[in-house]
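Remarks on the overall topology
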Amino acid sequence: MPDTPAARKKVLVVDDDRAVQRLVELILRDRQMDVTIAPSAEEALLLASRTIFDLVVVDKNLPGMSGIELVGKLHASSPKTALALITAEMTFETPARLKELGVDAILAKPFVDPAAIGERLAGLARRR
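Small disclaimer: the values here were computed from a predicted structure and weren't measured.

Conventions we followed
- Residues numbered from 1 in each chain as written.
- Predicted model: local features only at pLDDT ≥ 70, side-chain atom pairs only at ≥ 80, totals over all residues.
- Heavy atoms only, no water.
- Helix = DSSP H or I, 4+ residues; strand = E, 2+ residues; numbered from the N terminus.
- Rg over C-alpha atoms; globule rule 2.2 N^0.38 Å.
- Buried < 20%, exposed > 50% of the residue type's maximum accessible area, 1.4 Å probe, protein only.
- Contact = heavy atoms within 4.5 Å.
- Areas by Shrake-Rupley, 256 points an atom, 1.4 Å probe, with all protein chains shown as cover.
- Lys, Arg positive; Asp, Glu negative; His and termini not counted.
- Charge placed at Lys NZ, Arg CZ, Asp CG, Glu CD.
- Axes fitted to C-alpha atoms, helices over the stretch in contact; angles between N-to-C directions.
- Parallel < 35°, antiparallel > 145°, perpendicular 65-115°, else oblique.
- Nonpolar A, V, L, I, M, F, W, Y, C, P; charged D, E, K, R; others polar.
- Pairing = 2+ DSSP bridges.

Attention shifts here to the overall build of the protein. Summing up its helical and strand segments, the protein has five helices and five strands in all. When the elements of the protein are put in sequence order from the N terminus, they spell out β-α-β-α-β-α-β-α-β-α. The C-alpha radius of gyration computed for the protein amounts to 13 Å, which stays within 12% of the reference 14 Å derived for 128 residues, consistent with globular compactness. Seen through its principal axes, the protein has C-alpha atoms that stretch 40 × 30 × 25 Å. Here the protein holds 128 residues, and 45% of them are scored as buried. For the protein, contacts bridging at least 24 residues in sequence account for 61% of all contacts bridging at least 6. As displayed, the protein has an accessible area near 6600 Å², and 56% of this comes from carbon and sulfur atoms. For the protein, the distance from the average position of its 18 positive side-chain charges to the average position of its 18 negative side-chain charges is 6 Å.

Structure (structure tokens):
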């Protein structure tokens, strides 16, 4: 597939930590994806109401609305969008509950292998 703007996958990264935003953005841009950043769940919902994203990467712990609540809302409004949840704490909702909310992947922070993370996220984006 040619690398044209129409062929590039659109990804929304939702995280309030600027360092994580930048790292995920670099990983995805290296794979020729168009990346939009949202520092809050509320901004992410606004962006998602205007653009169809192939993949949304959401931090579990966001100020205000949690990442768990956000993925549920995103899945309800756009069930074909791939969703990845990133977290530093691996104790949370059960895998069955996360699957019900539309979460396709859970990624642990800190990212030990950015290349592997990039491949996993690229695979999710291509799935759409």
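What describes two packed helices is the angle between their axes and the distance between those same axes. Their axes nearest at 10 Å, the elements helix 2 (residues 41–50) and helix 3 (residues 67–77) cross at an angle of 10°. As summarised for this structure, helix 2 and helix 3 are arranged roughly parallel, according to the angle between their axes. Judged by residue contacts, Ala-41, Ala-44, Leu-45 and Ala-48 of helix 2 engage Leu-70, Lys-73 and Leu-74 from helix 3. Of the residues contributing to the contact of helix 2 with helix 3, the split by class is six nonpolar, no polar and one charged.

Before going further, it helps to examine the sheet that holds strand 2 (residues 34–38). Reading across the sheet, the five strands line up as 2-1-3-4-5 and stay open at both edges, with parallel pairing between neighbours. Unpaired on one side and paired on the other, strand 2 and strand 5 (103–108) mark the two borders of the sheet. The mean inter-strand angle of the sheet, taken between neighbouring strand axes irrespective of direction, is 20°. Of the pairings in the sheet, the one linking strand 4 (residues 82–87) to strand 5 comprises five bridges and is parallel in character. If you follow Ala-84 over to strand 5, its bridge partner there is Ala-105. Packed on one face of the sheet, helix 2 meets strand 1 (10–14) and strand 2 and runs near 140° to strand 2.

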